[in-house]
Structure formats: C-alpha cells, structure tokens
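Structural description and commentary
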Amino acid sequence: GYSVTYALLFKTYDPDWVEAWDITKALITKFRDEAIKRNARFVVLIIPDKLQLNNIQYWEWTNQNFPAVRNISLDMDKPSRLLNTYLSENGIPCVDLLPLFYQYERVESKPLYFKNDIHLNEQGHKIVAQLLLKSLLGERILKDGIIWDY
C-alpha cells in the first residue's frame, strides 16, 4: 500500500480523490465566507509536503517502506497547482511555500524537515515564519502588524 500523501501526488485521481478536492474547495470557500462575515481577513498558507521537495533520503525511506509507490506516476506540483488555480479563480489570497522552499533549498544546505519525519524542524518553522511575514507584508495584507484592506 501507500500513504495518503502519495495519492495526493498521483498524476490522475480516482473518483474518491476528485470528490475529496471538491469537499476541500467547498470548505475553503466556507472558511473565507465566515471570515468575511466577521470582518476578518482570510489567507491560505500552502505548506509543501516533504516529498514534493525531492528529498533523496526521504524518498529512499519511502521506497523501502511503501514499495507500491515505485511504479506510480507522480506529479509533485499537483496539489499546489490545483489549490493555486482554485484560490486565484475565487479571489482568495494565498501564500504558496513550494516555490519559496525550492528557492531556499537551492541556496541553503540546511534541511527544513526532520530526517525521517514529514514535519518541519526548527529551521523549517523559522523559514515558514519569515516567508509568511514577508509575503503578507509584500501583498499588503499586513503592514507593520496592522491588517489592511485589499
């Protein structure tokens, strides 16, 4: 078998995954609408899965523990691309960390995730905080800690 993470990266989704994406989109829209009702800002933060960053050690571990993944065609950017498309079409601001993480990994040699775990390590959390703040300020969603209107 394989974990849910791999199914999320499949080039082609089965009907259950198509339905799961439809539910996810509906929930995002509902959250946005609730935020608007409360005069709050709503921004989606997209944090990439460790597998999307082509972490060699983690892929080796994955292939050992989930051999079914070896022969499956994956699309590493698909979850981010689907979310970005939906959010853009619906005027929902987002911060997608995938391209920023790609950029970071090309320049730095410090890992953002724990070695044999899918979670961000201390450095990963630090980088997320910095990138999120920079993005929110850059998009004028925040200015010196003050929320601005669009």
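Definitions and limits used
Residues numbered from 1 in each chain as written. Predicted model: local features only at pLDDT ≥ 70, side-chain atom pairs only at ≥ 80, totals over all residues. Heavy atoms only, no water. Helix = DSSP H or I, 4+ residues; strand = E, 2+ residues; numbered from the N terminus. Buried < 20%, exposed > 50% of the residue type's maximum accessible area, 1.4 Å probe, protein only. Contact = heavy atoms within 4.5 Å. Areas by Shrake-Rupley, 256 points an atom, 1.4 Å probe, with all protein chains shown as cover. Phe/Tyr/Trp six-rings, centres within 6.5 Å; stacked < 30°, edge-to-face > 60°. Core = buried A, V, L, I, M, F, W, Y, C linked by side-chain atoms within 4.5 Å. Expected span 1.5 Å × (residues − 1). Salt bridge = Lys/Arg side-chain N within 4 Å of Asp/Glu carboxyl O. Polar contact = N/O pair within 3.5 Å; in protein donor to acceptor, adjacent residues only side chain to side chain. Axes fitted to C-alpha atoms, helices over the stretch in contact; angles between N-to-C directions. Parallel < 35°, antiparallel > 145°, perpendicular 65-115°, else oblique. Left-handed = near helix turned anticlockwise from the far one by under 90°. Nonpolar A, V, L, I, M, F, W, Y, C, P; charged D, E, K, R; others polar.

1. Regarding the overall build of the protein chain
Summing up its helical and strand segments, the protein chain has six helices and four strands in all. For the protein chain, the proportion of its 150 residues judged to be buried stands at 35%. Relative to all contacts within the protein chain whose residues are 6 or more apart in sequence, the contacts with residues 24 or more apart total 66%. Accessible surface for the protein chain amounts to roughly 9700 Å². Of this, 55% is attributable to carbon and sulfur atoms.

2. Observations regarding the packing of aromatic side chains
Scanning all chains against the criterion turns up three aromatic pairs. Seen in terms of ring centroids, tyrosine 13 and tryptophan 21 are 6.5 Å apart; in terms of plane orientation they differ by 25°. Their pairing is stacked. Among the residues examined, tryptophan 21 registers a relative accessible area of 11% and is labelled buried. These aromatic residues form a ring-pair network of at least three members: Tyr13, Trp17 and Trp21.

3. Considerations on unusual backbone geometry
In this structure, asparagine 39 is a non-glycine residue whose phi angle is positive, near 55°. With respect to the helices and strands, asparagine 39 occurs in the loop between α2 (15-37) and β1 (44-46).

4. Notes on the nonpolar core
Ile28, Val44, Leu87 and Ile92 are the most contacted members of the largest nonpolar core, which has 19 residues in total. Mapped by element, the contributors of at least two residues to this core are α1 (4-8), α2, β1 and α4 (78-89). Those residues in contact with leucine 87 that lie beyond four places of it in its chain are Ile28, Val44, Ile46, Ile92 and Cys94. Of all hydrophobic cores here, the second largest spans 13 residues; its members include Val95, Phe101, Val128 and Leu131.

5. Observations regarding α4
Structural remark: α-helix, 3.6 residues per turn; residues separated by three or four positions point the same way. The end-to-end C-alpha distance of α4 is 16 Å, a good match for the 16 Å that twelve residues give at a rise of 1.5 Å each. Considered for burial, the residues of α4 that qualify are Lys78, Pro79, Ser80, Leu83, Tyr86 and Leu87. Contact partners of the buried residues in α4: α1, α2, β1, β2 (94-96) and α5 (97-107). Where α4 ends, the next residue or the one after it, glycine 91, has phi of about 65°, a positive value.

6. Here we look at the pattern of salt bridges
Per the stated rule, a full pass over the model turns up five salt bridges. Each of Glu34, Lys37 and Arg38 takes part in a single network of salt bridges with overlapping partners.

7. Here we look at α2
With 23 residues, α2 should cover 33 Å at 1.5 Å per step; its first-to-last C-alpha distance of 33 Å lies within 8% of that length. Restricting attention to buried positions, one finds in α2 the residues Trp21, Ile28, Thr29, Arg32 and Ala35. Of the surrounding secondary structure, the elements contacted by the buried residues of α2 are α1, β1 and α4. A distance of 3.0 Å separates the backbone nitrogen of aspartate 16 from a side-chain oxygen at the start of α2, and that oxygen is part of aspartate 14. At the C-terminal side of α2, asparagine 39 shows a positive phi close to 55°.

8. Notes on the packing of α2 against α4
With their axes 11 Å apart at the nearest point, α2 and α4 run at an angle of 45° to one another. One way to sum up the angle between α2 and α4 is to call them oblique. Note that α2 runs across α4; the crossing there is right-handed. Touching Trp21, Lys25, Ile28 and Thr29 of α2 are Pro79, Leu82, Leu83, Tyr86 and Leu87, all from α4. For the contact of α2 with α4, the residue count by class is seven nonpolar, one polar and one charged.

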